[in-house]
Structure formats: structure tokens, C-alpha cells
Amino acid sequence: MRARSSSPADLVDAAVAGDPRAVARLISLVEDASPQLREIMTLLAPRAGRAQVIGLTGSPGVGKSTSTSALVGAFRARDLRVGVLAIDPSSPFSGGALLGDRVRMQQHATDPGVYIRSLASRGHLGGLSWATPQALRVLDAAGFDAVLVETVGVGQAEVDIASLADTTLVLLAPGMGDGIQAAKAGILEIADVFVVNKADRDGAEHTYRELKHMIALTGTADGRWQPPVLKTVASRAEGIDEIVDAIADHRTWMAGRGVLDARRRRRAADEIEQIALTELRARMGDLRDATLLDSLAGEVVAGTVDPYTAADRVIAGMTGEGAIIG
């Protein structure tokens, strides 16, 4: 209860000190787009930038939550603090997360070195929640060594994770047609590590060979990272240590070539752009309330103004550049 009534500075200090209630409250403020968010992000900025961000994506049923749970255990065995952001489909009734992922990770619920949070997608495409980047910043600043981001699981649309994570794991499973789907979706271009989960099932070897063949066709002549293909049985934690080693190898490769810094710069640029667009949309809503858009729409329909000129007037209204001619 103390965390709920604290000031932004107190909340940030408590989160950095390891108080899970403060971390939870900060992420709730992020999800609610609180007016205090600007102050909070100002306080978090100097403390962030150290966590390793690992994304997990793949079609429904491949075992993302089970794999995430197994990876948490592997990282904890290495004495690393782990945060998990599990993006859940939104409830059609409350708009909140369905919390299915947290149910499947109950074995870590009492571990003080693990923080698990479900975020509602709220209709956001790309498998993530709009609040994910800022929630990630909270966990980063709170001192988590690794943050696992598990996407919703909607198949081919889940490409946003590649721009958010340092390392992206693409999970597949035998017998689900995932190899063909990977080719269709262009997943070869977003995966840093391929994981064939449920490798004890029939067809696992075929899926493994198919992926190896597709990767070989891309070649490595331009010095690009060649994603390894690993087989796991996440329910028994088999092959999980190999994933952790592959993540470490990928991080070393990125750091040695400046790729890690470039990815994080791109991630920051995307975050800035999203915040700016959100603010512009809010201002555009103000203009709509002021009937400017309706007035311009009438002129476009009447043919007295073209849509590009009308758009220029809207931008002028939002930025305060020049007079708005109604």
C-alpha cells in the first residue's frame, strides 16, 4: 500500500532498491498512461540500458510460455535477476490481460529474483502491447539482468518483437506446418535463434532439417549472423542451456560488430516516434473537437480544397505554424 501512495521519485527509488510492489505500481502507471509518466521516465532514464532483452515469438501451441518458464529457471541458475513481460490477449469484457502466461509460470511466483507481469495487447497488432517499451524500461532500471518478452502468439503478424529485443527467439513445433509458415512470414529475417520445441514428437527432425536448409540458402557471405537451430523439450527443460549459450554467443557477436548499439538506437527511435505520434493524435483529437477537421472535410468533398492542402492545415493547427485558414 505504501508504493501506491508514493511520489514518482519514491516509487523509482523503491523499484531500484528491489521492491516488487513499486515495480508493479510503475508498470500500472505505464499501462494507464498516467500524467506522472513523463516524470517517471525522466527519473528512470539514467538507470536504464543494462538489461538484456530477449523476445520469444511463434504460433500458438508451440510452447512459448513453457519455454519462457524454463529459460527463467536457467537464468536464475546463473544467479541473474529475471523479468518477464508476457503479452496476453485482451479480455473482451475488461480489456485487461487474461493472465494465462502467469498461471503457467507459477513455479517462479515466490522467487524474489523473478518478476512476471502480464500486459494486455488491447488490440495492438504485431504481438505486443503499446505499453511494452516503457514497461521494459521500468524493469531495466529496476536492475533486472535479463528481461524476457513473450508475444501474444498470433502467427505471422508478430514481427514487432524483432525491433524491441536484443535477441529474438522464434519457436516452432513439429506437425504444425510451422516450417512452411516461417517461409511465408519471412520469419527467417527476424529470428536470431530458432528453437524446435517438443522435439520428442514425430516430425521434429523434419522441421529441424527444413529450417537448416532454409538458413543455408540465405548464406553468410555478407557477414550476417547465422541463426542456430536448436531442439528442445521445454516441459522437461531439455535443451534450455543450449538456448542460453546461443543467446550469449549472439550478444558477443553483436557487441563485437556494433550491432547491439545499433539495435538499441533503433529501439529508442521507435519509442520516440510512437510517443510523438500518440501526442500528435491527441492534438488531432482536440482539433476534431474544435470542428476544424469537419470543416476541412466539407471543403474536400465540395472540391474547394484538396486533401493534401487540408492535411497541411491540420499539421499547422497542431504545431502552431502559421495561421489556420478555415
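This text goes with the structure placed above it.
This text gives an overview of the structure that appears in the document. For clarity, every value in this text was computed on a predicted model and none was experimentally measured.

Overview of the overall build of the protein chain
Broken down by element type, the protein chain carries 14 helices and seven strands. Considering only intrachain contacts with a sequence separation of at least 6, the fraction spanning at least 24 residues in the protein chain is 71%. Summed over its atoms, the accessible surface of the protein chain is roughly 16100 Å², and 54% of this surface lies on carbon and sulfur atoms.

Concerning helix H13 (residues 292-302)
A turn of α-helix holds 3.6 residues, and therefore any two residues three or four places apart point the same way. Where H13 is concerned, the buried positions are Leu292, Leu293, Leu296 and Glu299. Seen from one end, H13 has its buried residues packed into an arc of 125 degrees, which puts them on one side. For H13, the exposed residues lying more than 90 degrees away from the buried face are Asp294, Val301 and Ala302. Where H13 ends, the next residue or the one after it, Gly303, has phi of about 85 degrees, a positive value.

Observations concerning the pattern of salt bridges
All chains considered together, the criterion is met by 15 salt bridges. Across the pair Asp166 and Arg264 runs a salt bridge whose closest N-O atoms are separated by 2.9 Å. Here Asp166 is found in the loop between helix H8 (161-164) and strand E5 (167-172), whereas its partner Arg264 is found in helix H12 (residues 259-289), with 98 residues between them in sequence. Shared partners join several salt bridges into a network, and the residues in it are Asp166, Arg264 and Arg267.

A closer look at the side chain of Arg267
Mapped onto the fold, Arg267 is located in helix H12. For Arg267, the side chain forms a polar contact with the side chain of Asp166, separated by 3.1 Å. Once you skip the residues sitting within four places of it in the chain, Arg267 turns out to touch Val53, Leu136, Ser163, Leu164, Ala165 and Asp166.

Points about helix H7 (residues 132-141)
In terms of burial, H7 is largely enclosed, as eight of its 10 residues are buried. Looking at H7, one finds that the buried residues are Thr132, Gln134, Ala135, Leu136, Val138, Leu139, Asp140 and Ala141. Directly beyond the C-terminal end of H7, a positive phi value near 95 degrees is found at Gly143.

Some details on the nonpolar core
By size, the foremost hydrophobic cluster in this structure holds 34 residues, and its most contacted members are Val23, Ile27, Leu85, Val138, Leu139 and Val147. For this core, the secondary-structure elements that each account for two or more residues are helix H2 (8-16), helix H3 (20-31), helix H4 (37-44), strand E2 (82-88), strand E3 (114-120), H7, strand E4 (146-150) and H8. Residue contributions to this core peak at six residues, all from H3. Setting aside chain neighbours within four positions, we find Leu139 in contact with Val23, Ile27, Gly83, Val84, Leu85, Tyr115, Phe144 and Val147. Counting residues in hydrophobic clusters, the runner-up holds 27 residues, among them Leu230, Ile240, Ile243 and Ile247.

Let's talk about the packing of H3 against H7
Between H3 and H7, the least distance of the axes is 9 Å, while the angle of their chain directions is 160 degrees. Relative to H7, the element H3 lies roughly antiparallel. H7 is crossed by H3, and the crossing has right-handed handedness. Here Val23, Leu26, Ile27 and Val30 of H3 lie close against H7, whose contacting residues are Gln134, Ala135, Val138 and Leu139. By residue class, the composition of the contact of H3 with H7 is seven nonpolar, one polar and no charged.

A word on the pairing of E4
In terms of burial, E4 is largely enclosed, as five of its five residues are buried. On E4, burial covers both faces: Ala146, Leu148 and Glu150 on one face and Val147 and Val149 on the other are all buried. Here strand E1 (residues 52-57) pairs with E4 via five bridges, running parallel. Looking at E4, one finds that Val53 is bridged to Val147. Pairing analysis gives five bridges linking E2 to E4, with the strands arranged parallel. When the sheet's bridge partners are listed, Gly83 is paired in E4 with Val147.

Some words on the environment of Arg209
Relative to the helices and strands, Arg209 is located in helix H10 (residues 204-218). Classification of Arg209 by relative accessible area gives partly exposed; the value is 48%.

Digging into the packing of aromatic side chains
For the structure on display, the rule yields two aromatic pairs. Here Tyr115 and Phe144 contribute two aromatic rings whose centre-to-centre distance is 6.5 Å and whose plane-to-plane angle is 50 degrees, an arrangement assigned as tilted. Taken together, the residues span a long stretch of sequence, with Tyr115 in strand E3 and Phe144 in the loop between H7 and E4 at a distance of 29 residues. For the pair Tyr115 and Phe144, a shared accessibility class is recorded, and that class is buried. Ring plane angle 55 degrees and centroid distance 5.7 Å describe the contact between Trp225 and Trp253, whose orientation is recorded as tilted. You can see Trp225 sitting in the loop between H10 and strand E7 (229-231) and its partner Trp253 sitting in helix H11 (residues 240-257), a full 28 residues away along the chain. Trp225 gets classed as partly exposed once you look at its relative accessible area, which sits at 21%. The class of Trp253 is buried, set by a relative accessible area of 17%. Note that Arg81 overlies the ring of Phe144, its terminal NZ or CZ placed 4.2 Å from the centroid.

Conventions we followed
- Along each chain, numbering runs from 1 in the same order as the chain's sequence is written.
- Note on the predicted model: pLDDT of at least 70 is required for a residue's local features to be given, and 80 or more for side-chain atom pairs to be given and counted; whole-chain, interface and lining totals, by contrast, use all residues.
- As a rule here, side-chain values cover all heavy atoms of the structure and leave hydrogens and water aside.
- Secondary structure elements follow DSSP: runs of H or I no shorter than four residues count as helices, runs of E no shorter than two count as strands, and numbering proceeds from the N terminus.
- We call two residues in contact when some of their heavy atoms are within 4.5 Å.
- Methods summary: accessible areas were calculated by the Shrake-Rupley approach with a probe of 1.4 Å, and residue burial reflects only the protein chains presented.
- Remark: exposure states derive from per-residue accessible area (1.4 Å probe, protein chains only) relative to the maximum for the residue type, with buried under 20%, exposed over 50%, and partly exposed in between.
- Of all possible arcs, the one meant is that of the directions from the helix axis to the C-beta atoms.
- When a carboxyl oxygen of Asp or Glu is within 4 Å of a side-chain nitrogen of Lys or Arg, the pair counts as a salt bridge.
- Polar contacts here mean pairs of N or O atoms no more than 3.5 Å apart (in protein, one a potential hydrogen donor and the other a potential acceptor; neighbouring residues in sequence count only if both atoms are side-chain atoms).
- The term nonpolar core refers to a set of buried residues drawn from Ala, Val, Leu, Ile, Met, Phe, Trp, Tyr and Cys, joined through side-chain atoms within 4.5 Å.
- Think of each axis as a best-fit line through the C-alpha atoms, taken over the contacting stretch in the case of a helix, with angles from 0 to 180 degrees between the N-to-C directions.
- Note on terminology: angles under 35 degrees are roughly parallel, angles over 145 are roughly antiparallel, angles of 65 to 115 are roughly perpendicular, and the others are oblique.
- Helix crossings are classified by the rotation of the near helix relative to the far one: an anticlockwise turn of less than a right angle makes the crossing left-handed, while a clockwise turn makes it right-handed.
- Side-chain classes follow a simple rule in which Ala, Val, Leu, Ile, Met, Phe, Trp, Tyr, Cys and Pro form the nonpolar group, Asp, Glu, Lys and Arg form the charged group, and the remainder, Gly included, forms the polar group.
- We treat two strands as partners when DSSP finds at least two bridges between them.
- Each aromatic pair joins two rings of Phe, Tyr and Trp (for Trp, the six-membered one) with centres within 6.5 Å, and gets the label stacked for planes under 30 degrees apart, edge-to-face for over 60, and tilted for any other angle.
- As a reminder, the over-ring test applies to NZ of lysine and CZ of arginine, requiring each to be within 6 Å of the ring centre and within 35 degrees of the ring normal.

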